[in-house]
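Working through the structure, step by step
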Amino acid sequence: MVTRRNIVHGAVFLITTLLSTAGIFLLLEAEFLFIVQVILYVGGIMVLFVFVIMLVNLDVSMRQVQFNRQWFVAGALALVLAAQFLFAIWAGRGALRLPAMAAEISPKNTEAVADALFSHYMLPFEIASILLLVAMIGAVVMAKRRVG
Amino acid sequence: MIPVDYDYYLFLSLALFVIGVIGVLTRRNVIIMLMSIELILNAVNINLMVFSRMWGSVDGQVFAIFIITDAAAEAAVGLGIILAFFHNRETVLADEMDIMKW
Amino acid sequence: MPFVLPVLYAVVIVAVLPLLAGYIVLMERKVMADMQARLGPMRVGPHGLLQPIADAVKLLLKEDIIPDKADRLMFWFAPLVSVTMALLAYSALAIGPVFQIADLNIGLLFILAISSLGIYGIVLGGWASNSHYSLLGALRSAAQLVSYETAAGLGLISVLLLAGSLSMKDIVQAQSDQGVWFGFSVPFGFFIYLVGSIAETNRAPFDLPEAESELVAGYMTEYSGFRWSLYFLAEYANMVVVAGIATTLFLGGWLRPGARYHEHIPGTGVEWLDALPALLTLGVALYSLSLAPKQPVKIQKIVMVLVALLCLGVAGVLGGSLFAPPAVMQGIHGAFWFMAKVFAYIYAFLWIRFTFPRYRFDQLMRLGWRFLIPLALVNVIGVGVAIVLRQQFAWGPIVSLIPTTLGTLGVAMLLAKDDAPTATAHLVDGE
């Protein structure tokens with residue numbers, strides 16, 4: 001996705017990546033997050049991206065140079081970052097094993113998430129809804145054409 | 001199902017994160033930069049889910065829901081900004097967005 | 001071994017669905033003709049019964065045209081996405097108590113999620129056609145789908161509060177336990193979902209993106225032959241999925257209408273309503289047999305007799321299962337009632353199509369955002385109140401929802417009154 005010249009192809013690759021991430025959530029027995037990922041991320045956010053890509057005339061930018069001038073330094077920094085993370089994972093590699101209590105999480109995942117969300121995490125929930133309201137208003141104001 | 005060791009999920013999360021970082025730092029097109037940011041957020045989500053599964057608690061999943069919500073808000077506002085800028089300057093390349101440069 | 005039955009069901013669905021979609025098109029043409037006082041397709045096969053097969057052959061033999069500057073990968077990919085998502089949604093749908101590919105805990109949300117993925121087929125198809133009209137039609141269609149998906153989803157939530165679970169089987173079970181179909185106890189939820197589902201499948205009166213007199217055919221303009229038939233199949237498969245969801249949630253799924261009516265046919269242990277499917281199919285078979293001699297051409301007589309034999313076979317299966325073990329009978333009769341309700345819902349779609357004029361796009365968006373979504377939100381709150389009434393004050397399943405219905409009705413009247421002047425004011429200004 002990060003190397004495609006054609007942005008629509010890039011968006012489609014991101015969509016498949018997000019769907020695969022949703023599949024990973026399902027493998028980790030988090031079925032509610034699987035569905036939330038598909039509905040919100042793939043069915044909402046990426047539709048928004050695809051809309052904007054189609055509303056913006058990208059023919060000109062598709063013919064220009066795609067990578068900026070500092071690509072080498074950026075790549076080197078990213079590799080350093082990756083090395084740091086790899087070291088952290090490698091250092092803790094023996095500590096993570098599938099616990100034996102695998103079976104008890106499954107059937108009630110949605111109920112468990114709902115329980116936690118509406119009891120312990122009620123305040124972040126309300127703040128998130130206010131955030132969404134603010135974002136909605138901001139996006140509508142931003143995207144309006146100024147008349148005159 | 002053959003259970004997969006958690007390390008592999010963490011490697012996947014790392015790979016996605018680094019690819020997202022490279023995308024943000026290297027590309028000129030602002031829309032692709034935003035999409036790479038979404039990739040980074042997804043990598044973090046995978047990480048959270050892995051640890052939520054490991055400890056058997058649902059807190060990680062709740063946090064992941066909030067991250068997804070946040071990403072939606074951020075994408076909406078970011079794309080609104082891009083649209084507004086495009087209507088003004090007809091460009092989506094980050095190098096050319098230099099109105100406030102000295 | 002545990003995979004055999006789901007794979008078998010999946011094969012049956014994928015094999016039957018194109019045929020079913022074709023025959024729904026025939027049904028639509030016949031119903032349209034009936035409402036317009038004419039006869040519809042009569043030539044191909046007796047009473048037009050072989051028309052879908054002729055259409056399918058024609059579409060397969062048409063030339064496959066790809067526009068010059070079209071993005072070939074996306075052009076190939078877009079109808080594929082549409083069809084895949086439309087077919088994938090069947091995996092969580094429960095056609096009877098037995099016929100279900102996967103009883104997911106989150107079955108309903110799964111179908112909603114897959115339906116929202118179908119938008120990509122439309123948007124990518126419009127983009128790949130490299131034509132302004134296609135792109136515009138695709139964007140309009142996608143905007144409409146997203147708006148009405150929200151409204152329909154909120155309409156469904158009001159019923160989910162009463163059902164208490166997202167699994168399709170549990171929802172039907174809840175309707176059976178409460179003794180009333182949710183379509184009757186939460187009529188506004190049903191209404192909102194009905195309107196939302198009509199808009200979601202791009203059917204009239206919301207079919208501006210693909211109507212024949214507007215924008216040529218919207219996102220499908222540049223597609224011909226087999227690719228177009230894929231989009232077409234996706235649209236009708238979506239219709240059946242949406243009808244399936246409505247049936248499961250609002251019309252009692254596979255429950256027999258009059259589930260508490262246990263009058264038996266005198267002398268046997270068979271209830272009247274259980275014998276009804278077999279008797280109905282037998283009636284259809286006899287009717288086709290009576291029509292057979294009146295056909296003008298011999299081949300049509302033969303096809304009519306074959307149709308009659310097919311109906312007799314179905315009647316035999318339905319009647320014979322009355323004497324089979326209860327699980328088998330439940331499975332077969334449940335599937336019959338489910339499909340009957342699905343076809344009734346689709347008939348409602350067709351009826352609405354040929355009755356109402358088309359909505360202009362801004363009217364469509366206004367209806368979705370300023371009428372349906374507030375109404376759906378009020379409905380959800382009302383159902384919450386009803387649940388409190390049920391739990392704290394022990395009101396019955398139907399009585400507790402009367403305040404909800406009245407409150408939502410009041411809000412609906414307020415919203416409708418509010419919108420009427422603004423809808424015409426813009427026209428006066430010469431917009």
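Residues numbered from 1 in each chain as written. Chains lettered and ligands numbered in written order. Predicted model: local features only at pLDDT ≥ 70, side-chain atom pairs only at ≥ 80, totals over all residues. Heavy atoms only, no water.

1. A word on the overall build of chain B
Broken down by element type, chain B carries three helices and zero strands. Secondary structure of chain B in N-to-C order comes out as α-α-α. Here the C-alpha radius of gyration of chain B, 17 Å, is well above what a compact globule of 102 residues would show, namely 13 Å. If you line up chain B on its principal axes, its C-alpha atoms span 55 × 25 × 25 Å. Put simply, chain B has 102 residues, and 57% of those count as buried. With an accessible surface of roughly 4400 Å², chain B has 68% of that area assigned to carbon and sulfur atoms. (Helix = DSSP H or I, 4+ residues; strand = E, 2+ residues; numbered from the N terminus. Rg over C-alpha atoms; globule rule 2.2 N^0.38 Å. Buried < 20%, exposed > 50% of the residue type's maximum accessible area, 1.4 Å probe, protein only. Areas by Shrake-Rupley, 256 points an atom, 1.4 Å probe, with all protein chains shown as cover.)

2. What about the interface of chain C and chain A?
Counting residues at the interface gives 22 residues for chain C, matched by 23 residues for chain A. With both chains or domains summed, chain C and chain A bury close to 1900 Å², and 81% of this area falls on carbon and sulfur atoms. Summed over the shared surface of chain C and chain A, the number is zero salt bridges. On inspection of chain C and its partner chain A, the count reaches three residue pairs in polar contact (both at pLDDT 80 or more). If you list the elements that add at least two residues to the side of chain C that touches chain A, you get α3 (72-88), α4 (107-117), α5 (119-128) and α6 (132-163) of chain C. Of the residues that constitute the side of chain C that touches chain A, the class distribution is 19 nonpolar, two polar and one charged. (Contact = heavy atoms within 4.5 Å. Buried area = accessible area lost by both parts, 1.4 Å probe. Salt bridge = Lys/Arg side-chain N within 4 Å of Asp/Glu carboxyl O. Polar contact = N/O pair within 3.5 Å; in protein donor to acceptor, adjacent residues only side chain to side chain. Nonpolar A, V, L, I, M, F, W, Y, C, P; charged D, E, K, R; others polar.)

3. Focus on the pattern of salt bridges
All names here are of chain C. Enumeration over the complete set of coordinates arrives at seven salt bridges over all chains. Residue Arg-358 is joined to Asp-207 by a salt bridge in which the shortest nitrogen-to-oxygen separation is 2.8 Å. Residue Arg-358 is located in the loop between α13 (326-353) and α14 (361-393), and its partner Asp-207 is located in the loop between α9 (187-200) and α10 (226-250); the two are separated by 151 residues in the primary sequence. Exposure remark for Arg-358: the relative accessible area of 35% places this residue in the partly exposed category. Residues joined by salt bridges that share partners form a network here, namely Glu-28, Arg-203 and Arg-353.

4. What to know about the packing of aromatic side chains
Taken as a whole and judged by the stated rule, the model has 17 aromatic pairs over all chains. Positioned over the ring face of Phe-67 of chain A is Arg-27 of chain B, at 5.2 Å from the centre of the ring. (Phe/Tyr/Trp six-rings, centres within 6.5 Å; stacked < 30°, edge-to-face > 60°. Lys NZ or Arg CZ within 6 Å of the ring centre and 35° of its normal.)

5. Observations regarding the confidence of the model for chain C
Close inspection of predicted coordinates is inappropriate for parts of the model with low pLDDT. Of all residues in chain C, 95% attain a pLDDT of 70 or more, and the chain-wide mean is 85. Interface confidence for the predicted complex, given as ipTM, is 0.89, next to a pTM of 0.89. (pLDDT = per-residue confidence, 0-100.)

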